[in-house]
Amino acid sequence: MATKRRKVDAECRIFQGIWTEKYFFIQHFGTPTCLICHASVSVNKEFNIRRHYVTKHPKFSEIIGQARKHEVHNLKWSLANQMLKKQGVESERNTLASYAVSKLIAENMKPVTDGDFVKECLMAVVEILCPEKKVSFSNVNLSARTVARRIEEMSADVKSCLKDYCRNFQFFSIALDQSTDTKNTAQLAVFVRGVTSDFDTVEEFVQLEHMKGAAIGVDILVALLKCTTDMELDLSKLVCVATDGTPAMVREKKGAVAMLESHMEGLEINHEIKKMHCLIHHEALFAKSSNVKDVMEVVVRAVNLLLSRGLNHRQFQQLFSEAEAQYGDLLYFCDVRLLSRGAMLEKVYALREEIATFLEGKNVSASEFRDPKWLSSLAFLVDLTAHLNNLNSQLQGRNQLVHDMCGHIVAFETKLRLWECQLEKSCYAHFPKLQETQPTDTDTFVTVIRDLKTEFSSRFADIRSHTSEFRLFATPFDVDIDNAPENVQMELIEMQCSDVLRTKFNATDISLLEFYKKYLHETGRYTNLVDHAKKMTSMFGSTYMCEQLFSKMKYTKSKLRNRLTDAHLDGILHLASSNLSPDIERLSSVKQQVSH
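Since the structure is predicted, the reported quantities are computational estimates derived from the model, not experimental observations.

Undergrad: Just checking my understanding: could you explain the overall build of the chain for this structure?
TA: Within the chain, the secondary structure is distributed over 28 helices and seven strands. With 596 residues in all, the chain has 45% of them scored as buried. Summarising the internal contacts of the chain: among those between residues at least 6 apart in sequence, 69% fall at separations of at least 24. For the chain, the exposed surface amounts to about 31,400 Å²; the carbon and sulfur share of it is 52%.

Here's what the structure looks like:
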């Protein structure tokens, strides 16, 4: 009969205290550990410990008596100190990991409670891939309270970094827009774009001001001045204010911008502020003012009938599925979003036969969808909204220079003049859907184009007043010296007569801002031209970034998270919108120093 083998754990071996002085070993977390080389021995057995001491550290046998005790004491202290440092490094890494995950949660606008779920996922992965690291991962704190605190600290760090930039702005502009959140609280978004003396450009989200009152001009002004004070922005360096064009912003006397000018006059700041109404908002209003309401009413009524009732929607889906229609479904029309109008109209036009068949099957009049003249109007509207959507897309995006946006507007006005002439001659080269219908009368379409052209001419009058300044900035080599401002004439002559600068300006691999910064600013000879370029660079042409922020705000503070505090909302949006990154290594180091 085979004998049962003994297990080491069953022998109950105990570490003996005399081994410390005899072999320079101590028991560290239940394991015999050498004080000299910090190696560990797996079993509390004198033979193993003595073998390690004799083979690895024979020279220590020469140390005897009091000197040996003193050496043991020093080695114990050294090991304890090293272990303390190791624990501190691991703790700092855990804190750093907590900041990194909290930053990702904020940037993706997820609830702070998702931190617990993220940790559960991490632990499940660690359990399978590297179970020896389980303790380290379990020490990463991702509780909801901790994640919220981390987000507040990182947001404050980003604001501090932005404040440093704001102090150094030579010129800056402000963009303002207003919206309401899910709890009907008025929210004022404030963005700043500034240029430093070194020609570094910064466009950043400053603050989301929460206004509990009526949110009229004076309330907006108070909120704006609070932001400028907090960020230490010098109003004497303000170049431009861009707004969404609402009465509370632009009213002649009681609008926020007019009251800001009065406030600056009281501070004896008398330079002119350029007032820009968002080009994208203007462009969206033009589509509403076009003489196409009768077509839109029929389309919206048909779409609402098809989509508002579940049975109708399912039956219609079955119909165009059987007919192998080009598009899979219709879209609801949103009057606020211009792009939704274009997408919806395009699908209605493509599914016009299926819609007419379905409506007639429901005993609903579909005479318009059988009328060639009305279908021509619909086709014209599809083509026109496609052109408007293309313009809208060109005007969107952050860090756009205002002269580029103005150029898109001027180009569209030129297109309108071309379309007017072509439609008068029954030429539909740029209206492919209209060409399919072969209309017999184009007078209505010409009238719409003329109305649109008139709207552009009147609404963009404030932009045209700055055309000469934009031209001086964007194409300085083509500017007539006689028509240039007197303070830049001498510099302009020198620059235009320099073949080297002209070559650099026309080089395809050198951007406009790079040309000004590298070849004019750094020479120190063109100070007035460079200052003008800095002012133009700092100007906002739209409040697109504000609209983008409001989309993030409504996603973050949704109906399921409507109790999110204003402070937490502001912190999340700062991390989700800012191009500046918090210094999480410094924050983590500060946390460790405080905890010690």
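Undergrad: What's the story with the sheet that holds strand β5 (residues 201-211) in this structure? I'm lost.
TA: In any sheet, the strands associate via hydrogen bonds between backbone groups, in a parallel or an antiparallel arrangement. Strand order in this open sheet of five strands is β5-β4-β3-β6-β7, and the pairing throughout is mixed. Two strands bound the open sheet, and with one partner strand each, they are β5 and β7 (274-277). Averaged over neighbouring strand pairs, the angle between their axes works out to 20 degrees when direction is ignored. The pairing of strand β4 (residues 186-196) with β5 spans ten bridges and is antiparallel. Residue pairing across strands places L188 opposite E209, the latter belonging to β5.

Undergrad: I tried to follow the confidence of the model for the chain on my own but got confused; where do I start?
TA: Parts of the model with low pLDDT should not have their predicted coordinates read in detail. Scored by pLDDT, the chain has a mean of 83; 87% of the residues are at 70 or more. In the predicted structure, residues 7-11 sits below a pLDDT of 50 and forms two contacts with residues beyond four places in sequence or in another chain. Predicted confidence for residues 322-339 stays below pLDDT 50, and this span has 50 contacts to residues more than four positions away or in other chains.

Undergrad: Would you take a moment to explain unusual backbone geometry for this structure?
TA: Even without a glycine there, the phi angle at F199 is positive, about 70 degrees. Note on F199: relative accessible area 3%, which makes it buried. Although it is not a glycine, Q438 sits at a positive phi angle of roughly 50 degrees. Following the sequence through the fold, Q438 ends up in the loop between α18 (432-437) and α19 (443-459).

Undergrad: Would you mind going over a nonpolar patch on the surface with me for this structure?
TA: Nonpolar side chains collect at one region of the surface, where V125, I128 and L129 lie side by side and expose about 350 Å² of accessible area between them. Looking at where L129 falls in the secondary structure, it is placed in helix α4 (residues 114-129). Residue class for L129 comes out exposed when judged on its relative accessible area of 66%.

Undergrad: Could you clarify how one ought to interpret helix α9 (residues 256-266) in this entry?
TA: Residues of α9 that are buried: A256, V257, A258, L260 and M264. At the C-terminal side of α9, E268 shows a positive phi close to 60 degrees.

Undergrad: What is the right way to look at the environment of T243 in this model?
TA: Tracing the backbone shows T243 in strand β6 (residues 238-243). Residue classification places T243 among the buried residues on the basis of a relative accessible area of 1%. Along the sequence, T243 and K275 sit 32 residues apart, while their C-alpha atoms lie 8.0 Å from each other. In this structure T243 touches L176, M249, V250, V257, M276, H277, C278 and T543, once residues within four positions along its chain are discounted.

Undergrad: Sorry, what's going on with the nonpolar core here?
TA: Within soluble globular proteins, side chains that are nonpolar tend to cluster in buried spots. The biggest cluster of nonpolar side chains holds 120 residues, and the ones touching the most others in it are L208, L238, F380, L423, M495 and F515. Here the element with the most residues in this core is helix α17 (residues 402-424); it accounts for eight residues. What L423 contacts, discounting residues up to four positions off in sequence, is F380, Y428, F431, L434, T442, F445, V446 and I449. One finds V303, A366, L378 and L381 within the second-largest nonpolar core, a separate group that totals 24 residues.

Undergrad: What am I meant to see in helix α7 (residues 217-230) here?
TA: Owing to its 3.6 residues per turn, the α-helix aligns residues three or four sequence positions apart on the same side. The first and last C-alpha atoms of α7 sit 20 Å apart over 14 residues, in line with the 20 Å expected at 1.5 Å per residue. Contacts from the buried residues of α7 go to β3 (169-180), β4, β5, α8 (247-250) and α9. Two residues or fewer past α7, E232 is found with a positive phi of approximately 55 degrees.

The rules we used
Residues numbered from 1 in each chain as written. Predicted model: local features only at pLDDT ≥ 70, side-chain atom pairs only at ≥ 80, totals over all residues. Heavy atoms only, no water. Helix = DSSP H or I, 4+ residues; strand = E, 2+ residues; numbered from the N terminus. Buried < 20%, exposed > 50% of the residue type's maximum accessible area, 1.4 Å probe, protein only. Contact = heavy atoms within 4.5 Å. Areas by Shrake-Rupley, 256 points an atom, 1.4 Å probe, with all protein chains shown as cover. Pairing = 2+ DSSP bridges. Axes fitted to C-alpha atoms, helices over the stretch in contact; angles between N-to-C directions. pLDDT = per-residue confidence, 0-100. Patch = residues over 30% accessible without salt bridge, like charges linked within 9 Å, V, L, I, M, F, W, Y side chains within 5 Å. Salt bridge = Lys/Arg side-chain N within 4 Å of Asp/Glu carboxyl O. Core = buried A, V, L, I, M, F, W, Y, C linked by side-chain atoms within 4.5 Å. Expected span 1.5 Å × (residues − 1).

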